[in-house]
Amino acid sequence: MSQKISGVKGMNDLLPPTSAVWQYVEKKARQMFDSFGYLEIRTPVLEDTALFVRSVGEETDIVGKEMYTFQDKAGRSLSLRPEGTAPAVRAYIEHAVHNLEPLTRWFYLGPMFRYERMKTGRYRQFFQAGAEAYGAKEPAQDVELMDMAMQFFRAIELPGVSLEINSLGDDACRPAYLSALNAYFSGHSAQLCDDCRARLQRNPLRILDCKNPQCQQLAKGAPAMLDLLCPACRAHFDEVKAKLDALEIPYRVNPRIVRGLDYYTRTAFEFLAADPVLGTAGAVGGGGRYDKLIASLGGPDIPGIGFALGLDRLCLLVAQGNRNLGKAPILFVAIVDPGSQAVAMKLISGLRRQGFAVDFDTRGGSLKSQMKRADKSGERFAVVLGEDEVSKGRARLKPMQGGEPRSVALDELSSLLKNLA
Ligand code: HAM
């Protein structure tokens, strides 16, 4: 016997009926982006490795440990995208979009790849729905994005998602904060893991999101950026909070949010679902400002901000709600005898061309087995075609949820279904 080949670890197949949950969530996401005026972009899953090294940062776990990187046949180093912000910014610069409009709002849906330790809600191929806005440095842009995400959670009926915010400062105040972090962690360097000892000089901020338990313990006592914000960053953060209050969007200030990516400045935020099914993978989304990223990747000095939501985690939560999201076709067509198949197929093809969803058992078989299939798949009506009736241009229409079958003319079926649908 030939050996079976399994899928790649951490990369999931998505099959019915779960795919109906995904379709529902993706549709709601598109509706939400639409209503806020965000337009779709699609970028390749592969990018030059340097893009992520220079934006997400060399010291981050994402770039340092989790990227799928390889050389192509011409010896270029390419990586499967671990996130969507850097590719979006690359495309924004490459197509000189700032010359076309002063304010750009984009969204994307698609797979991302990180070689992570797997558990529920943490995979190696996972999907994000992300939004990015370029050109607005104002707090109103921060709040618009948070409002959009919170409205989305409401639209997919997940009211238990909370918003946590922080500020990570900017070029004016971050250096003093990094010195303070360096001084704090230097005093405890013997307790740091090897990676963090190396981070101490190069990027002490990254020690704050190290997953090593001993480093996490130490991080609890570290100074907080919020206490060292410069006046401009403080004013920005205060205005974000005031605008959230004005829109009655509940939030919690969490000075421990640093996010695992280097490009952030000022506002950083996360969306948390306290559902036990996700365990420690409770962050269903995160984002923040990156006012220097576009310039640092060779583009103009234009501010940016965005977020990404984890669709795998959101779909797990929605699927738990046990909502019946799959939509069965309206009609099942059954045949009593093989001689009726040709008429049945012509009828079905005509109905489908008019946009009706119709199910039919292409294997034929006994009427009993066909009706069993109709029962299981949840269609509202079945049409039964037998030679006698077909010769008179008629068939029997049977409501599947009970009720008497009745004889209908085949050429009136579509107008009948239109009224019943
Ligand atoms: P992130 O926090 O790394 O941010 O990812 C955003 C969300 O993606 C997480 O909150 C989580 O729900 C989901 N996610 C991340 N890793 C995994 C995984 N291994 N398995 C399943 N879900 C996962 C970013 O990626 C930034 N690009 C967000 C952003 C956009 N910032 C500004 N604009």
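Just above, that's the structure.
What counts, and at which threshold
Residues numbered from 1 in each chain as written. Predicted model: local features only at pLDDT ≥ 70, side-chain atom pairs only at ≥ 80, totals over all residues. Heavy atoms only, no water. Salt bridge = Lys/Arg side-chain N within 4 Å of Asp/Glu carboxyl O. Helix = DSSP H or I, 4+ residues; strand = E, 2+ residues; numbered from the N terminus. Buried < 20%, exposed > 50% of the residue type's maximum accessible area, 1.4 Å probe, protein only. Near = heavy atom within 4 Å. Polar contact = N/O pair within 3.5 Å; in protein donor to acceptor, adjacent residues only side chain to side chain. Areas by Shrake-Rupley, 256 points an atom, 1.4 Å probe, with all protein chains shown as cover. Nonpolar A, V, L, I, M, F, W, Y, C, P; charged D, E, K, R; others polar. Axes fitted to C-alpha atoms, helices over the stretch in contact; angles between N-to-C directions. Parallel < 35°, antiparallel > 145°, perpendicular 65-115°, else oblique. Left-handed = near helix turned anticlockwise from the far one by under 90°. Contact = heavy atoms within 4.5 Å. Pairing = 2+ DSSP bridges. Core = buried A, V, L, I, M, F, W, Y, C linked by side-chain atoms within 4.5 Å. Expected span 1.5 Å × (residues − 1). Phe/Tyr/Trp six-rings, centres within 6.5 Å; stacked < 30°, edge-to-face > 60°.

A.B. asks: Explain the pattern of salt bridges residue by residue, including any values.
C.D. replies: Within this structure, the stated rule accounts for 28 salt bridges. Across the pair Arg-199 and Asp-61 runs a salt bridge, and its minimum N-O distance is 2.8 Å. Here Asp-61 lies in helix 3 (residues 61-65) and Arg-199 lies in helix 7 (residues 194-202), a separation of 138 residues in the sequence. For the pair Arg-199 and Asp-61, a shared accessibility class is recorded, and that class is buried. A salt bridge links Asp-194 to Arg-197, with the shortest nitrogen-to-oxygen separation between them at 3.5 Å. You can see Asp-194 and its partner Arg-197 sitting in helix 7, 3 residues apart, about one turn around the helix. With relative accessibility at 37%, the residue Arg-197 sits in the partly exposed group. Through salt bridges that share partners, Asp-61, Lys-65, Glu-66, Asp-195, Arg-199 and Lys-211 make up one connected network.

A.B. asks: Which residues make up the site of the ligand, and what values do they have?
C.D. replies: With respect to spatial proximity, 26 residues lie near the ligand, and among them Glu-83, Glu-116, Tyr-123, Tyr-264 and Ala-283 are the closest. In this structure, an oxygen atom belonging to the ligand sits 3.0 Å away from a side-chain N or O atom of Gln-128. One of the backbone N or O atoms of Gly-285 is found 3.2 Å from an oxygen atom in the ligand. For the ligand, whose unbound accessible area comes to 660 Å², protein coverage reaches 96%. If you list the elements that add at least two residues to the shell around the ligand, you get strand 6 (125-134), strand 10 (283-289) and strand 11 (304-310). Looking at the shell around the ligand element by element, the count peaks at 6 residues for strand 10. For the shell around the ligand, the class distribution of residues is 10 nonpolar, 9 polar and 7 charged.

A.B. asks: Describe the packing of helix 1 (residues 18-35) against helix 11 (residues 311-320), listing the residues and the values that go with them.
C.D. replies: Orientation of helix 1 relative to helix 11, taken along the N-to-C sense of each, is 115°, at an axis distance of 10 Å. When the interaxial angle is binned, helix 1 and helix 11 end up roughly perpendicular. Of the two possible hands of crossing, helix 1 and helix 11 adopt the one that is right-handed. Side by side, helix 1 and helix 11 meet where Val-21, Trp-22, Tyr-24, Val-25 and Glu-26 of the first sit next to Leu-311, Asp-312, Cys-315, Val-318 and Ala-319 of the second. Each residue belonging to the contact of helix 1 with helix 11 can be placed in one class, and the counts come to 8 nonpolar, no polar and 2 charged.

A.B. asks: I'd like a rundown of the sheet that holds strand 11, residues and numbers included.
C.D. replies: Taken in spatial order, the 8 strands line up as 1-5-6-11-10-9-7-8 in an open sheet, and their pairing is mixed. With one partner strand each, in any of the chains shown, strand 1 (39-40) and strand 8 (252-253) form the two edges of the open sheet. Summarising the sheet, strand 9 (residues 265-273) and strand 10 pair through 6 bridges and their orientation is antiparallel. Bridged to Glu-270 within strand 10 is Gly-286. Against the sheet, helix 9 (residues 231-246) engages strand 7 (161-167), strand 8, strand 9 and strand 10, with an angle of about 160° to strand 7.

A.B. asks: Can you lay out the nonpolar core for me, pointing to particular residues and giving the numbers?
C.D. replies: Ranked by internal contacts, the top residues of the largest apolar core, which has 98 residues, are Phe-153, Phe-185 and Phe-271. If you tally residues by element for this core, the top one is helix 5 (residues 139-155), at 8 residues. For Phe-185, the residues in contact, after removing those within four places along its chain, are Leu-192, Leu-200, Pro-204, Ile-207, Leu-208, Leu-218, Ala-219 and Ala-222. With 21 residues, the next largest nonpolar core counts Leu-385, Ala-395, Val-408 and Leu-413 among its residues.

A.B. asks: Account for helix 1, naming residues and giving values.
C.D. replies: The end-to-end C-alpha separation of helix 1 is 26 Å, in line with the 26 Å expected for 18 residues at 1.5 Å each. Taken as a whole, helix 1 has its buried residues at Ser-19, Ala-20, Val-21, Trp-22, Tyr-24, Val-25, Ala-29, Met-32 and Phe-33. Residues of helix 1 that are buried in the fold lie against strand 5 (104-113), strand 6, helix 5, strand 11 and helix 11.

A.B. asks: Tell me what's going on with the sheet that holds strand 16 (residues 406-409), and back it up with residues and numbers.
C.D. replies: What the 5 strands build is an open sheet, ordered 13-12-14-15-16; its pairing is mixed. One side of each edge strand has no neighbouring strand; the edge strands of this open sheet are strand 13 (358-360) and strand 16. With strand direction ignored, the average angle separating the axes of adjacent strands in the sheet is 30°. Here strand 15 (residues 394-399) runs beside strand 16; their pairing, made up of 4 bridges, is antiparallel. Residue pairing across strands places Arg-396 opposite Ser-407, the latter belonging to strand 16. Lying over the sheet, helix 12 (residues 341-353) contacts strand 12 (331-335), strand 13 and strand 14 (381-385), oriented at roughly 155° with respect to strand 13.

A.B. asks: Residues and numbers for the packing of aromatic side chains, please.
C.D. replies: The tally for this structure, following the rule as stated, stands at 14 aromatic pairs. Ring plane angle 50° and centroid distance 6.1 Å describe the contact between Phe-152 and Phe-153, whose orientation is recorded as tilted. Seen from their ring centres, Tyr-263 and Tyr-290 are 5.7 Å apart, and the 70° between their planes marks the pair as edge-to-face. Highlighted residues: Tyr-263 in the loop between strand 8 and strand 9 and Tyr-290 in the loop between strand 10 and helix 10 (293-296), separated in sequence by 27 residues.

A.B. asks: For unusual backbone geometry, give the residues involved together with the corresponding values.
C.D. replies: In the segment running from Pro-16 into Pro-17, the intervening peptide bond is cis, with an omega of 5°. Within the element layout of this structure, Pro-17 appears in the segment before helix 1. Non-glycine residue Glu-157 carries a positive phi angle of around 60°. Residue position: Glu-157 is located in the loop between helix 5 and strand 7. Even without a glycine there, the phi angle at Arg-259 is positive, about 65°. Here Arg-259 shows up in the loop between strand 8 and strand 9. Of the residues examined, Arg-259 reaches a relative accessible area of 14% and is grouped as buried.

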